Amino acid sequence: MGVLSAVADAVVVLFSLTIAMAAPLIGAQSVLPPHLYPAPLRDFKRWYAAEFDDYLMAQPPAFLRGIFWLEIAFLWPLSVVTIYGVLARRRWAATTSLMAGVSTLTSMVTLVRRSLPALLCSALFPWFENMCRLCFRSARCRGQLRGY
């Protein structure tokens, strides 16, 4: 049990460290003035958007800028506190890591909401793909699904 707990703590610290570094350095560039960041960080973000064809980072829509504000105001401080709590073995670290996970999950749902039906059909149930397409197509024709 001790090894499993140590591995879980390491995963939580790594996740929190990633958020603590990426939120203010990369994500916040989309909502804060560019003069706050050095040229290499701005170039890195532009390179990433061009290299991986990430249209969301190149020109973030309004909902993504809202998610970036949420990361700066809520998730970034929570990640820093979670790192401290896990490394210092505080009892409340489980609560802060749960809060960070729920916030991240909520943000990710908005980002993958359009691709979820196709992902479920093709990745999880390949043999069921044609039936899912037929169901989604008929639901879309009836107006039950919009945007898929």
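Nothing here was measured: the structure is a model prediction, and the numbers come from that model.

Scoring rules and cut-offs
Residues numbered from 1 in each chain as written. Predicted model: local features only at pLDDT ≥ 70, side-chain atom pairs only at ≥ 80, totals over all residues. Heavy atoms only, no water. Salt bridge = Lys/Arg side-chain N within 4 Å of Asp/Glu carboxyl O. Helix = DSSP H or I, 4+ residues; strand = E, 2+ residues; numbered from the N terminus. UniProt positions renumbered as here; feature names shortened; annotations may be inferred. Phe/Tyr/Trp six-rings, centres within 6.5 Å; stacked < 30°, edge-to-face > 60°. Buried < 20%, exposed > 50% of the residue type's maximum accessible area, 1.4 Å probe, protein only. Axes fitted to C-alpha atoms, helices over the stretch in contact; angles between N-to-C directions. Left-handed = near helix turned anticlockwise from the far one by under 90°. Contact = heavy atoms within 4.5 Å. Nonpolar A, V, L, I, M, F, W, Y, C, P; charged D, E, K, R; others polar. Expected span 1.5 Å × (residues − 1). Arc of directions from axis to C-beta. Parallel < 35°, antiparallel > 145°, perpendicular 65-115°, else oblique. Core = buried A, V, L, I, M, F, W, Y, C linked by side-chain atoms within 4.5 Å.

Quick notes on the pattern of salt bridges
By the definition in use, this model includes 2 salt bridges. The salt bridge involving aspartate 43 is made with arginine 46; its shortest N-O contact spans 2.5 Å. On the criterion of helical spacing, the pair formed by aspartate 43 and arginine 46 is a turn pair, its members being 3 residues apart in helix 2 (residues 39–51).

A look at the UniProt feature "transmembrane region" (unreviewed entry) in the chain
Per the UniProt record, "transmembrane region" (unreviewed entry) is found at residues 66–87. Along residues 66–87 one finds 100% helix and 0% strand; the C-alpha atoms at either end are 30 Å apart.

Considerations on the packing of aromatic side chains
Taken as a whole and judged by the stated rule, the model has 4 aromatic pairs. Ring geometry for tryptophan 47 versus phenylalanine 52: centroids 5.9 Å apart, planes at 85°, classification edge-to-face. When its relative accessible area of 43% is taken as the criterion, tryptophan 47 is described as partly exposed. Look at phenylalanine 52 and you get exposed, because its relative accessible area is 52%. An aromatic cluster of three or more residues is present, and its members are Phe44, Trp47, Tyr48 and Phe52.

Observations concerning the packing of helix 1 (residues 2–25) against helix 4 (residues 62–87)
Interhelical geometry of helix 1 versus helix 4 gives an angle of 145° and a closest axis separation of 8 Å. The two elements helix 1 and helix 4 meet at a crossing, and its hand is left-handed. Residues Asp9, Val12, Val13, Ser16, Leu17, Ile19, Ala20, Ala23 and Pro24 of helix 1 pack against Glu71, Ile72, Leu75, Trp76, Ser79, Val80, Thr82, Ile83, Val86 and Leu87 of helix 4. Across the contact of helix 1 with helix 4, the residue classes tally to 14 nonpolar, 3 polar and 2 charged.

Topic: helix 2
Between its first and last C-alpha atoms helix 2 spans 18 Å; for 13 residues at 1.5 Å apiece the expected length is 18 Å, and the two agree. Taken residue by residue, helix 2 has Leu41, Lys45 and Ala49 as its buried positions. Along the long axis of helix 2, the arc covered by the buried residues comes to 75°, so they all point the same way. Turned more than 90 degrees away from the buried face of helix 2, the exposed residues are Pro40, Arg46, Ala50 and Glu51. Those residues of helix 2 hidden inside the fold are in contact with helix 1 and helix 3 (55–58). Positive phi appears at aspartate 53, one or two residues downstream of helix 2, with a value of about 50°.

What to know about the packing of helix 4 against helix 5 (residues 93–112)
One can describe the packing of helix 4 onto helix 5 by two numbers: an axis separation of 9 Å at closest approach and a directional angle of 160°. By the angle between their directions, the pair helix 4 and helix 5 is classed as roughly antiparallel. Both helix 4 and helix 5 take part in a crossing whose hand is left-handed. Only Ala93, Thr96, Ser97, Met99, Ala100, Ser103, Thr104, Ser107, Thr110 and Leu111 of helix 5 make contact with helix 4, whose side of the interface consists of Phe63, Leu64, Ile67, Leu70, Phe74, Leu75, Leu78, Val81, Thr82, Gly85 and Val86. Class assignment for the residues of the contact of helix 4 with helix 5 results in 13 nonpolar, 8 polar and no charged.

Notes on the nonpolar core
Counting residues in hydrophobic clusters, the biggest one holds 11 residues: Ile26, Ala28, Val31, Tyr37, Leu41, Ala49, Leu56, Met57, Leu64, Ile67 and Phe68. Elements represented by at least two residues in this core include exactly helix 2, helix 3 and helix 4. Tallying contributions element by element places helix 4 first for this core, with 3 residues. Setting aside its immediate chain neighbours within four residues, tyrosine 37 contacts Pro24, Leu25, Ala28, Gln29, Leu32 and Arg42.

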